[in-house]
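# A look at the structure
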Amino acid sequence: MTNRKLAGIITAVLGLCALIAFFNFGMDTPILSWPLEAYLGVAFTIGWLTNLPTFLAYLIAALLFILVAVGFYKLGSWVYGLVMRRG
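Below is a short write-up of the structure. For every chain, the first residue of the written sequence is number 1, and numbering continues from 1 onward in sequence order. Under the rules for a predicted model, residues below a pLDDT of 70 receive no local features and side-chain atom pairs below 80 are neither given nor counted, while totals for whole chains, interfaces and linings still include all residues. For side-chain calculations, the full set of non-hydrogen atoms in the structure is used, while hydrogens and water are omitted.

Now for the overall build of the chain. The numbering of helices and of strands both runs from the N terminus, where a helix is a DSSP run of H or I of at least 4 residues and a strand a run of E of at least 2. The helix and strand inventory of the chain stands at 3 helices and 0 strands. In sequence order, the secondary structure elements of the chain are arranged as α-α-α. The C-alpha atoms of the chain give 16 Å as radius of gyration, which overshoots the globular expectation for 87 residues (12 Å, by more than 25%). In terms of its C-alpha atoms, the chain occupies a principal-axis envelope of roughly 50 × 30 × 20 Å. Two residues form a contact once any of their heavy atoms are found within 4.5 Å. Partitioning the contacts of the chain with sequence separation of at least 6, the portion at a separation of at least 24 is 51%. All accessible-area figures derive from a Shrake-Rupley calculation using a 1.4 Å probe, and residue coverage is judged against the displayed protein chains alone. Accessible surface, the chain as shown: approximately 6,500 Å² in total, 75% of it carbon and sulfur. Atoms considered for the radius of gyration are the C-alpha atoms alone. The globule rule reads 2.2 Å times the number of residues to the power 0.38.

This next bit is on the packing of aromatic side chains. Aromatic rings from Phe, Tyr and Trp, with only the six-membered ring used for Trp, were paired whenever their centres fell within 6.5 Å, and each pair was classed as stacked if the ring planes differed by under 30 degrees, edge-to-face if by over 60, and tilted otherwise. On inspection of all chains with the given rule, the structure shows 4 aromatic pairs. Taken together, a centroid distance of 5.9 Å and an interplanar angle of 50° make the contact between Phe 22 and Phe 23 tilted. By relative accessible area, which is 61% here, Phe 22 ends up exposed. The class of Phe 23 is partly exposed, set by a relative accessible area of 36%. With centroids separated by 6.5 Å and ring planes inclined at 55°, the aromatic side chains of Tyr 39 and Phe 65 adopt a geometry described as tilted. Here the residue Tyr 39 occupies a position in helix α2 (residues 34-50), and Phe 65 occupies one in helix α3 (residues 54-86), the gap between them amounting to 26 residues. Each residue is placed in one exposure class: buried if its accessible area under a 1.4 Å probe, protein chains only, is under 20% of its type's maximum, exposed if it is over 50%, and partly exposed if it falls in between.

Quick look at the structure:
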């Protein structure tokens, strides 16, 4: 595994952790329940705002988290490439 891929994976994990922490800030739920609470909260918001069927709201919420992870991965690998070219 190249360093660029590793930097992307680390950035994706940290980005998802930060996003989940942002959604759960100020709640009294245990930290181990935060990912599920964030996912269910996003699915509820999508379903409530758009009046979509429940299964479609869950699917869109899952796709949203996947897109966020891919975006953070691309960002991390891109920044690593910029930093290593200058060095």
